[in-house]
2 protein chains.
Amino acid sequence: MNGVSHQDVFGADPWLTIGDRSFTSRLLLGVEQYTNPQIIGQVLRAASADVFITTYDLDNTRSSLLLSDVDGEIDLSRYTWIGTTSFARSPEAAVETAVQLRDKLDLDIIKLDVRSSDNLPDAEGTILAAKQLIGGGFTILPLVLPDVTTVLALQELGCVAVRLMGSPVGAHRGLADPTAVKDCIDALTIPSVVEGGIGSPAHVVQAMELGADAVLVNTMIAKAEQPAVMAQAVYQGLLAGGLAARARNGGTH
Amino acid sequence: MNGVSHQDVFGADPWLTIGDRSFTSRLLLGVEQYTNPQIIGQVLRAASADVFITTYDLDNTRSSLLLSDVDGEIDLSRYTWIGTTSFARSPEAAVETAVQLRDKLDLDIIKLDVRSSDNLPDAEGTILAAKQLIGGGFTILPLVLPDVTTVLALQELGCVAVRLMGSPVGAHRGLADPTAVKDCIDALTIPSVVEGGIGSPAHVVQAMELGADAVLVNTMIAKAEQPAVMAQAVYQGLLAGGLAARARNGGTH
């Protein structure tokens, strides 16, 4: 019974479909922190990721790595490309980044981050930017702290999924408030992604057991001594969490 | 990179060898709680277990299931058989159970449990029983709370491995004191097994990340709606934890 596959655990259907683009892998990887395109290819493959997340640096202060050099390492045409505003510190910067991502890279699915100065999601700014971007024809996956009122407001605005912050990015503390995360997952009818603070595959297991549709992992893999091995570890944790949720629920799934 | 195997993660060598018997799977399953022999076969296979743990009921108040009916369900000759004293509530009862297991089933490798009335391991009673049994030619794997002095005393007595209780059996609280568990693992030169309180594959990941050689899981699988699926989940968690430990350490392993 070894060698359980993603499809064995989660089935073959996408957890999110946007037009002709679909998200099937329950593991999303941020790759903004990498400086080596070869490692990006390794981790995306090890994690069986099918989404490639890129960004546009408004200030041109960061390497243009993601927009060029990666191309030689992996077949990016096999990935669903989405943009991220992860460097934005205001709703205006987030909206401007999204516009640049659409103008320059033809991306209109946006992983929306609006963080305040303490690097936590700014709920009000996120709602403001989401409203403006959805009005402008973008498809939005916003990141917020797990607060039921906030996530329902974002669902009401037309966001296609909500990303729930487990604990502050880079903190590796796992889920600071598992009950709040679960309450949001249960309140939403759109898919939930857990992200932020994931410092061990154990936290990935926990998020999937709570009922998350997917997890987004970034720093833990990027900063590991061996990123591709950690990506595999996270992937195995994903399967473990999905199986555990099914084992508790009974039924055939 | 899907389909990582136990051997990919942990290598092919046993983590414990006793005479001509070897323990290669890092996942040990207690099966004393099952009443259905078919399910025992399913969970042992799903977990890729290679050790079969059985016991002898001094009072004959429990079903003799494990000693007979299971035989038709799985090829028990492929497993390393060990005995357990998990029903013992005193050092005397533990020693007597071990003697019966040797006399009746020819088992001399004993998973030694001596619990006090609150179901926690009795350190003093465990040391006493271990000393007596080792003197009598048994091979002993005792269960204790994670206390460095206690585990070093057991190592000094000649125990071949120590089982560290994560949190009270059946509590599902994971590792109550991860630092104490890690201190014991680091202090010991013999293998460490983490057991007790494991209520999610996330706890299995955590134990393996701390450097445990193996985990022993019981109630979480036995009480799941679908035990075989939970056994698979735990197995995936085991791989995740082993990979994460390697990813952090760097090197080739």
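Up top is the structure.
Residues numbered from 1 in each chain as written. Chains lettered and ligands numbered in written order. Predicted model: local features only at pLDDT ≥ 70, side-chain atom pairs only at ≥ 80, totals over all residues. Heavy atoms only, no water.

**Section: the environment of Asp147 of chain A**
Residues and elements named next belong to chain A.
Now for step 1: Following the sequence through the fold, Asp147 ends up in the loop between strand E7 (139-144) and helix H5 (148-157).
Now for step 2: Residue class for Asp147 comes out partly exposed when judged on its relative accessible area of 34%.
Now for step 3: The sequence separation of Asp147 and Ser117 amounts to 30 residues, and the corresponding C-alpha distance is 20 Å. (Helix = DSSP H or I, 4+ residues; strand = E, 2+ residues; numbered from the N terminus. Buried < 20%, exposed > 50% of the residue type's maximum accessible area, 1.4 Å probe, protein only.)

**Some remarks on the packing of helix H4 (residues 123-135) of chain A against H5 of chain A**
Helices that pack against each other are described as a pair by the angle of their axes relative to one another and the distance between those axes.
All names here are of chain A.
Now for step 1: Packing of H4 against H5 leaves a shortest axis separation of 10 Å and a crossing angle of 5 degrees. By the angle class used here, H4 and H5 are roughly parallel. For the pair H4 and H5, contact is made by Ala123, Thr126, Ile127, Ala130, Lys131 and Ile134 and by Thr150, Ala153, Leu154 and Leu157, respectively.
Now for step 2: Looking at the contact of H4 with H5 residue by residue, the classes come out as seven nonpolar, two polar and one charged. (Axes fitted to C-alpha atoms, helices over the stretch in contact; angles between N-to-C directions. Parallel < 35°, antiparallel > 145°, perpendicular 65-115°, else oblique. Contact = heavy atoms within 4.5 Å. Nonpolar A, V, L, I, M, F, W, Y, C, P; charged D, E, K, R; others polar.)

**Details of the interface of chain B and chain A**
Now for step 1: Listed as interface residues are 34 residues of chain B and, on the opposing side, 35 residues of chain A.
Now for step 2: Across the chain B-chain A interface, the total number found is 10 residue pairs in polar contact (both at pLDDT 80 or more).
Now for step 3: At the level of secondary structure, the elements contributing two or more residues to the side of chain B that touches chain A comprise helix H2 (37-46), helix H7 (201-209) and helix H9 (227-249) of chain B.
Now for step 4: Considering every element that reaches the side of chain B that touches chain A, the biggest residue donor is H9 of chain B, with 15 residues.
Now for step 5: Residues of the side of chain B that touches chain A, tallied by class, amount to 16 nonpolar, 13 polar and five charged. (Polar contact = N/O pair within 3.5 Å; in protein donor to acceptor, adjacent residues only side chain to side chain.)

**Structural notes on the sheet that holds strand E6 (residues 109-112) of chain B**
All names here are of chain B.
Now for step 1: Taken together, the eight strands give an open sheet; going across it, the order is E3-E10-E9-E8-E7-E6-E5-E4, and neighbouring strands pair in parallel fashion. One side of each edge strand has no neighbouring strand; the edge strands of this open sheet are strand E3 (27-29) and strand E4 (51-55). Across this sheet, the average inter-strand angle for adjacent strands is 25 degrees, counted without regard to direction.
Now for step 2: Running over the sheet, helix H5 (residues 148-157) touches strand E7 (139-144) and strand E8 (162-165) and is turned about 175 degrees from E7. (Pairing = 2+ DSSP bridges.)

**A look at H7 of chain B**
All names here are of chain B.
Now for step 1: Within H7, eight of the nine residues are buried, which leaves it mostly tucked inside the rest of the structure.
Now for step 2: Looking only at H7, the buried set comprises Pro201, Ala202, His203, Val204, Val205, Ala207, Met208 and Glu209.
Now for step 3: Two residues or fewer past H7, Gly211 is found with a positive phi of approximately 110 degrees.

**Quick notes on the packing of aromatic side chains**
Residue and element names in this part refer to chain A.
Now for step 1: For the coordinates displayed, the defined rule picks out four aromatic pairs over all chains.
Now for step 2: On the numbers, 5.0 Å between centres and 50 degrees between planes, the contact of Phe52 with Trp81 is tilted. With Phe52 in strand E4 (residues 51-55) and Trp81 in strand E5 (residues 80-84), the pair connects residues that are 29 residues apart, well separated along the chain.
Now for step 3: What makes Phe52 buried here is its relative accessible area of 0%.
Now for step 4: Just above the ring of Phe138 sits the side chain of Arg102; from NZ or CZ to the centre is 3.9 Å. (Phe/Tyr/Trp six-rings, centres within 6.5 Å; stacked < 30°, edge-to-face > 60°. Lys NZ or Arg CZ within 6 Å of the ring centre and 35° of its normal.)

**So, the relation of the copies chain B and chain A**
Now for step 1: If you rotate chain B by 180 degrees and push it 0.0 Å along the axis, it lands on chain A with an RMSD of 0.0 Å. Put plainly, the chains are arranged around a two-fold axis.
Now for step 2: A symmetric contact is evident, with 100% of the interface residues of chain B recurring at the interface of chain A. (Least-squares fit on C-alpha atoms with pLDDT ≥ 70 in both.)

**Description of the pattern of salt bridges**
Now for step 1: Under the definition given, this model contains 16 salt bridges over all chains.
Now for step 2: With a closest N to O distance of 2.7 Å, Arg115 of chain B and Asp113 of chain B form a salt bridge.
Now for step 3: Looking at Arg115 of chain B, the relative accessible area reads 7%, which means it is buried.
Now for step 4: Using a relative accessible area of 0% as the deciding quantity, one classes Asp113 of chain B as buried.
Now for step 5: Where salt bridges share partners, they join Lys111, Asp113, Arg115, Arg163 and Glu195 of chain A into one cluster. (Salt bridge = Lys/Arg side-chain N within 4 Å of Asp/Glu carboxyl O.)

**What about the sheet that holds E7 of chain A?**
All names here are of chain A.
Now for step 1: Strand order in the open sheet made by the eight strands is E3-E10-E9-E8-E7-E6-E5-E4, with parallel pairing throughout. With partners counted over all chains shown, the strands left at the sheet margins are strand E3 (27-29) and E4, one partner each. When the angles between neighbouring strand axes are averaged without regard to direction, this sheet yields 25 degrees.
Now for step 2: Looking at chain direction, strand E6 (residues 109-112) and E7 are connected through four bridges and run parallel.

**A word on the side chain of His6 of chain B**
Now for step 1: The topology assignment puts His6 of chain B in helix H1 (residues 6-10).
Now for step 2: Look past the residues within four positions of His6 of chain B in its chain and what remains in contact with it is Gly11, Thr24, Ser25, Arg26, Tyr235, Leu238 and Leu239 of chain B.

**Some words on the pairing of E6 of chain A**
All names here are of chain A.
Now for step 1: The alternating pattern of E6 places Ile109 and Lys111 on one face and Ile110 and Leu112 on the opposite face, and all of these are buried.
Now for step 2: Taken together, the two bridges between E5 and E6 define a ladder with parallel strand orientation. Note on E6: the bridge partner recorded for Thr84 is Lys111.
Now for step 3: This β-α-β element, E5 to helix H3 (residues 91-105) to E6, shows right-handed connectivity.
Now for step 4: Crossover connection from E6 via H4 to parallel E7: handedness right-handed. (Right-handed = clockwise from strand over helix to strand, strands pointing away.)

**What to know about unusual backbone geometry**
Residue and element names in this part refer to chain A.
Now for step 1: The backbone of Ser48 sits at a positive phi, close to 50 degrees, despite the residue not being glycine.
Now for step 2: Looking at where Ser48 falls in the secondary structure, it is placed in the loop between helix H2 (37-46) and E4.
Now for step 3: In this model, Asp106 sits at a positive phi of 65 degrees, which is unusual for a non-glycine residue.
Now for step 4: Residue placement: Asp106 occurs in the loop between H3 and E6.
Now for step 5: Owing to a relative accessible area of 64%, Asp106 belongs among the exposed residues under this scheme.

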